[in-house]
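So you can see what is in the structure, the chains are spelled out below.
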Number of protein chains: 4
Amino acid sequence: MSSEFGKNMRISIFGESHGEVIGAVIDGLPAGEEINEQELLAFMSKRAPGQANTTPRKEADIPKFVSGVYNGKTTGSPICIIIENTDMRSPDYEKLSAIPRPGHADFTAHIKYSGYADMRGGGHFSGRLTAPICAAGGIALQILKRCGIFVNAHITEIGGVSGDEMYEVVKNLSGDSVGGVIECIAAGIPPGIGGGMFGLESKMSYALFGIPGVKGVEFGSGFEGSRKKGSENNDAFCVENGNIVTKTNNHGGLLGGITTGMPLVFRIALKPTPSIALEQDSVNLQTLESVKLKIEGRHDPCIAIRAVPVAEAVCALVLLDEMVKK
Amino acid sequence: MSSEFGKNMRISIFGESHGEVIGAVIDGLPAGEEINEQELLAFMSKRAPGQANTTPRKEADIPKFVSGVYNGKTTGSPICIIIENTDMRSPDYEKLSAIPRPGHADFTAHIKYSGYADMRGGGHFSGRLTAPICAAGGIALQILKRCGIFVNAHITEIGGVSGDEMYEVVKNLSGDSVGGVIECIAAGIPPGIGGGMFGLESKMSYALFGIPGVKGVEFGSGFEGSRKKGSENNDAFCVENGNIVTKTNNHGGLLGGITTGMPLVFRIALKPTPSIALEQDSVNLQTLESVKLKIEGRHDPCIAIRAVPVAEAVCALVLLDEMVKK
Amino acid sequence: MSSEFGKNMRISIFGESHGEVIGAVIDGLPAGEEINEQELLAFMSKRAPGQANTTPRKEADIPKFVSGVYNGKTTGSPICIIIENTDMRSPDYEKLSAIPRPGHADFTAHIKYSGYADMRGGGHFSGRLTAPICAAGGIALQILKRCGIFVNAHITEIGGVSGDEMYEVVKNLSGDSVGGVIECIAAGIPPGIGGGMFGLESKMSYALFGIPGVKGVEFGSGFEGSRKKGSENNDAFCVENGNIVTKTNNHGGLLGGITTGMPLVFRIALKPTPSIALEQDSVNLQTLESVKLKIEGRHDPCIAIRAVPVAEAVCALVLLDEMVKK
Amino acid sequence: MSSEFGKNMRISIFGESHGEVIGAVIDGLPAGEEINEQELLAFMSKRAPGQANTTPRKEADIPKFVSGVYNGKTTGSPICIIIENTDMRSPDYEKLSAIPRPGHADFTAHIKYSGYADMRGGGHFSGRLTAPICAAGGIALQILKRCGIFVNAHITEIGGVSGDEMYEVVKNLSGDSVGGVIECIAAGIPPGIGGGMFGLESKMSYALFGIPGVKGVEFGSGFEGSRKKGSENNDAFCVENGNIVTKTNNHGGLLGGITTGMPLVFRIALKPTPSIALEQDSVNLQTLESVKLKIEGRHDPCIAIRAVPVAEAVCALVLLDEMVKK
């Protein structure tokens, strides 16, 4: 297992979808940082279920700081955040336990953990585990904002289309699901953050691929840049207000794994929600018999929608980890 | 700095493009593994310069094992690999030192290392540093092969086109450069490798983004999968020769960060070589004056071509790191 | 901050003495391991306050597994253990906040965390934080026992004396405190565990010095061995029941950082409890005025006594971490 | 294997006693630090063999910086240091290969590395591997000195005696060997360095136990402090020149794993050199027959003597690692 990331600041995620609680421990956050709880709840509500185009499962998702915060400020010692699981309906899933759902971790977790994993609702592999990431990242976003760094993500594609049409795609799925692409931009980062052969792209992608459903990560012009000429993709240097900047930003704010001072830009590809209401083929793990599987219950038609704040949270945590060191 | 990756097996890369030597230390490779030097040299020659469509710079690139190998077998103690830099022509670069080349780490390294970085030929950020990765990865490939695991990468796109036309693109660049996409497939991996919230995609992408020029990483159907429906992208389970497999492989061999036993498939996007013979705009770091820059010297028109064995090497090292633990 | 240890198994400790809860996250424990709760509670009660010769503070110290355990067995995902703080009497400490107690972390935490640390009752530096270590270690002890490995610690010295007289020392302190030495022995470890230049002594001492009050760690003959001749301290090899063993065990079961198969033996030196009822000299952090300080409240006369199970817990966690890798 | 230590600065040690070279990679040293080579050689000569009371084996021990240093200054990229092995006399050892030497890692390395370890002269477990630690630490000492931090170690005991008599003990060994104790003091460290539950004692002891032959580590009053009363061992706070200091230094400069600003003081216990000229009992690993073993060749009568600069080197590296983060 390795449900941790970060170096100077370690973020350790725990919990299962249908367990009692989920949460995170953040070890290494600086002392004396104020936590604005209202702002944090507002941020977390962006991820919460029950919104338009998302699963109707409702969770209060109130993060409780059980350590590391005193009089509303961080103390410098590890912060444990706990979020209760209040709306579990295990029976929806229980019957599936012997039949792995296509696109889910059911099969691989069964092999890896010899049948002992608690896979109700996806267990530790559930998208629900992104709630503590948002709680931790929400704090990081507040700290970064005070340093003049602003992180914003948004959906750029759903089912291959962009703009208002994206939401039409989501409405016409009839039990099917669809994937999407999120773009995240962080502005205000000073140049010189990151570095080493395994620089900021390495650290960022490590954390981003921990978001369930992420199957691709690209920085700047990314895959599209690989289709260009050098003369098109290189960003010329120039001077603006006494600072060296680039005229374009195909490099996405990173050269040699180190920030240039231009906005950091990355995109993540999220696969279609694997839980769909349509019939699928699977196999009984015990009998090896072929099985027709129909997944009932409540599911997001497009996990990319609720992953938007998660991308912001992860981005903020990785940036803060790198800047804490400085 | 952080020029290391791996957990159970740590790979530490050192050296600069125009320094005396470059190399790697591998700490944690199992004892008793035979190294076939002929096979290793043959593998490394795939990355070597001087091939068709690559830079004419010639380096013997003979890896020398100065520790950790005895009587042709690994001893279990750290292996230090050293490769001499034999064909350095610093004057080509020396004059550029105050003028950062677009698309290179010159500017960011200057900021981060306060002007002390040895940036001749790209310094520690040069693609030359992938030679020790290939030497280390070449050993890993031999060990994996003995376990029945085979890793193969190939170019799938250059400048957005595929097939034989790709090489036409490279021939008609007239001093410009072009990007490309590499696909890497690893077959024979048992199910159950990886895991944790930050699973094999996290570890693999961390290492892959260390290859200079990589700006995107995707697994399985990746970004294309994000444009699909769940019913199209989910891979149905079935039984084949008594094993549970999937009918398709959009998941690229990974579910929940754990191998399924299907081939591991990933693609990396490489940007166009930033060094081009065409005139570019830059800025003098000392005077902040605008400068027209024309890069002379020898350069690969498409770094993706020589990165193919590097992708195989990185893939093998990450897989072995994960399997050493088992 | 760095309140974590372990490599294959990460143990992350959180909480403050007078916060709501204290706890630990264990990431990497194997799946399918049964937890005998009765045995765990019995083990933890060895550390609990309120025993003979210890502080009268009473805490139920019931560890609650809020993740990673399902149907009484580990699931392979991170285990979060939570222990409530039920018997806090902050007023005893509150008034001291500007006056650092000699021998405590009050002064250094004040400097390091710029006055934001929650130091009520010692905060995150309190010996109370060893309760979650015992909970985590108690599970490790159960797993090791099933592998035939038994860990036992005991007091060997209090105030420089040994045997029954030790307890006389504790009874006659009149408000003062006293230090002690704990010896820990782990039997049944197979040879070949550990290794690398920074072997098992390195990993074990790293974790042991995390126990508040530990100021010395020695393996085998330790400091006493440094006063001997090689001919006295070397342990001759011989064969016993077909196995290579040593006739004596001055090496404490470790040669070259790797287990020999002989019992692992180490000792830890615990300083006298810094909280004493006698008047001490200190300084007001704000005014820099000299202050006479008298610490009231409940304190262990000898922290070594309650640290005995903590030493066993740490030993078990480090061993299991090393063996999980195998 | 794990021949690395450090967090922000990683030090990776490689090589075998009778291999071609030994060396170290330091990843994370700040850029722009001047290396005074004369001073470094003078420091390293303190460890070199061939001095009074040490083995007559002669090695030039000239560290060669093959990367990470340019124009006499650190570049910020990883520094690889290489030291040639020039005076190897393998035949002295070759015949011993099947017969483990008491007190050496021969037996455990044989088990752990399945007979593949290159154990000539102790292989990777040899005290010779402390030469690259001294080279790396020598640089750290120079950097710390420029920050006003001075590290000094000295022998305090040989064979249990101190003062001039110590050297009499060494002279009258007649083929036997003897252990010793080294004390290391680092002055000028600002308060507030270290911290976390696993603080500076944890990190320091981790690295110190990597020095071959170290079997005990204690800070401040250490084991002797465990024999005292709290009223004797606590260090009262007072004000001196406007700074809060302590009147005594039983805490060895560390409270709660964080520096107080008082000198850091630790002692390490080194066992007697295991190689002695006297006859010892061992066992043939292949035949399991009892064997009388007499070790010939050149050996230090007391490894503690040459370990003095190694203690300084390790201390400096751990301190710098912790301060780089700040």
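Anything mentioned here points back to the structure above.
For clarity, every value in this text was computed on a predicted model and none was experimentally measured. (Residues numbered from 1 in each chain as written. Chains lettered and ligands numbered in written order. Predicted model: local features only at pLDDT ≥ 70, side-chain atom pairs only at ≥ 80, totals over all residues. Heavy atoms only, no water.)

## Looking at the pairing of strand S2 (residues 10-15) of chain D
Residue and element names in this part refer to chain D.
Working step 1: For S2, the buried fraction is high: five of the six residues fall into the buried class.
Working step 2: Between the antiparallel neighbours strand S1 (residues 4-5) and S2 lie four residues, among them Gly6 with a positive phi of about 100 degrees.
Working step 3: Across six bridges, S2 lies against strand S3 (residues 21-27) in antiparallel orientation. What sits directly across from Ile11, in S3, is Ile26.
Working step 4: Linking S2 back to S3 in an antiparallel pair, the connection comprises five residues. (Buried < 20%, exposed > 50% of the residue type's maximum accessible area, 1.4 Å probe, protein only. Helix = DSSP H or I, 4+ residues; strand = E, 2+ residues; numbered from the N terminus. Pairing = 2+ DSSP bridges.)

## Some points on the environment of Thr246 of chain C
Residues and elements named next belong to chain C.
Working step 1: Positionally, Thr246 belongs in strand S12 (residues 243-246).
Working step 2: A relative accessible area of 6% means that Thr246 is categorised as buried.
Working step 3: The spatial distance from the C-alpha of Thr246 to the C-alpha of Val66 is 45 Å, given a sequence separation of 180 residues.
Working step 4: Residue contacts for Thr246: discarding those within four places in its chain leaves Asp235, Ala236, Phe237, Cys238, His251 and Met262.
Working step 5: One polar contact links the side chain of Thr246 to the main-chain carbonyl oxygen of Thr248, over a distance of 2.6 Å. (Contact = heavy atoms within 4.5 Å. Polar contact = N/O pair within 3.5 Å; in protein donor to acceptor, adjacent residues only side chain to side chain.)

## Comments concerning the nonpolar core
Working step 1: Counting 150 residues, the largest nonpolar core has Ile268 and Leu319 of chain A together with Ile268 and Leu319 of chain B as the members making the most contacts within it.
Working step 2: At 16 residues, helix H9 (residues 303-325) of chain A tops the list of elements feeding residues into this core.
Working step 3: In contact with Ile268 of chain B, not counting residues within four places along its chain, are Phe223 of chain A together with Gly180, Val181, Ile182, Leu208, Ile211, Val214, Gly216, Val217 and Ala311 of chain B.
Working step 4: By size, the runner-up hydrophobic cluster in this structure holds 147 residues, among which are Ala24 and Ala304 of chain C together with Met44 and Ile305 of chain D. (Core = buried A, V, L, I, M, F, W, Y, C linked by side-chain atoms within 4.5 Å.)

## Describing the relation of the copies chain C and chain A
Working step 1: Once turned by 180 degrees and shifted 0.0 Å along the axis, chain C lies on chain A with an RMSD of 0.0 Å. Expressed as an axis order, the relation between the two copies is that of a two-fold axis.
Working step 2: Both copies share a contact surface, since 100% of the interface residues of chain C are interface residues in chain A too. (Least-squares fit on C-alpha atoms with pLDDT ≥ 70 in both.)

## Digging into the packing of helix H1 (residues 37-45) of chain B against helix H4 (residues 130-146) of chain B
Residues and elements named next belong to chain B.
Working step 1: H4 packs onto H1 with a crossing angle of 130 degrees between their chain directions and a minimal axis gap of 9 Å. As summarised for this structure, H1 and H4 are arranged oblique, according to the angle between their axes. Two packed elements cross with a definite hand, and for H1 against H4 that hand is right-handed. Contacts between H1 and H4 involve Glu39, Leu40, Phe43 and Met44 from the first element and Ala131, Cys134, Ala135, Gly138, Ile139, Leu141, Gln142 and Lys145 from the second.
Working step 2: Looking at the contact of H1 with H4, its residues break down into eight nonpolar, two polar and two charged. (Axes fitted to C-alpha atoms, helices over the stretch in contact; angles between N-to-C directions. Parallel < 35°, antiparallel > 145°, perpendicular 65-115°, else oblique. Left-handed = near helix turned anticlockwise from the far one by under 90°. Nonpolar A, V, L, I, M, F, W, Y, C, P; charged D, E, K, R; others polar.)

## Considerations on the sheet that holds strand S7 (residues 79-84) of chain C
Residues and elements named next belong to chain C.
Working step 1: In space, the five strands of this open sheet follow the order S1-S2-S3-S7-S4, with antiparallel pairing throughout. Of all strands in the sheet, those with a lone pairing partner are strand S1 (4-5) and strand S4 (64-67), marking the two edges.
Working step 2: The pairing of strand S3 (residues 21-27) with S7 spans six bridges and is classified as antiparallel. Residue pairing in the sheet places Ile22 in a bridge with Ile83 of S7.

## Things to note about the interface of chain C and chain A
Working step 1: On the side of chain A, 37 residues touch chain C, which itself brings 37 residues to the contact.
Working step 2: Summing both sides of the interface, chain C and chain A together bury roughly 2,900 Å²; the carbon and sulfur share of this comes to 58%.
Working step 3: Our count for the contact surface shared by chain C and chain A stands at four salt bridges.
Working step 4: A salt bridge links Arg10 of chain A to Glu4 of chain C; the nearest nitrogen and oxygen atoms lie 3.3 Å apart.
Working step 5: Taken together, the connections running from chain C to chain A amount to 12 residue pairs in polar contact (both at pLDDT 80 or more).
Working step 6: Of all elements in the fold, only strand S2 (10-15), S3, S4, strand S6 (73-74) and S7 of chain C reach the threshold of two or more residues within the side of chain C that touches chain A.
Working step 7: When residues of the side of chain C that touches chain A are assigned to their parent elements, the largest contribution, five residues, is made by S2 of chain C. (Buried area = accessible area lost by both parts, 1.4 Å probe. Salt bridge = Lys/Arg side-chain N within 4 Å of Asp/Glu carboxyl O.)

## Side note on the sheet that holds strand S4 (residues 64-67) of chain D
Working step 1: Taken in spatial order, the five strands of this open sheet run S1-S2-S3-S7-S4 (chain D), and their pairing is antiparallel. Every other strand in the sheet has two partners, leaving S1 and S4 of chain D as the edge strands with one partner each.

## A closer look at the state of the cysteines
Working step 1: Enumeration over the complete set of coordinates arrives at zero disulfides over all chains.
Working step 2: No disulfide involves Cys315 of chain D; its nearest neighbouring cysteine sulfur is the one of Cys184 of chain D, lying 4.2 Å away. (Disulfide = S-S within 2.5 Å.)

## Thoughts on the pairing of strand S9 (residues 180-187) of chain C
Side-chain positions along a regular strand alternate between the two faces of the sheet.
Residue and element names in this part refer to chain C.
Working step 1: Among the eight residues in S9, six count as buried, and that is most of the element.
Working step 2: For strand S8 (residues 150-158) and S9, the ladder comprises eight bridges, and the chain directions are antiparallel. Looking at S9, one finds that Asn152 is bridged to Ile185.
Working step 3: Where S9 meets strand S15 (residues 264-270), seven bridges bridge the pair, whose relative direction is antiparallel.

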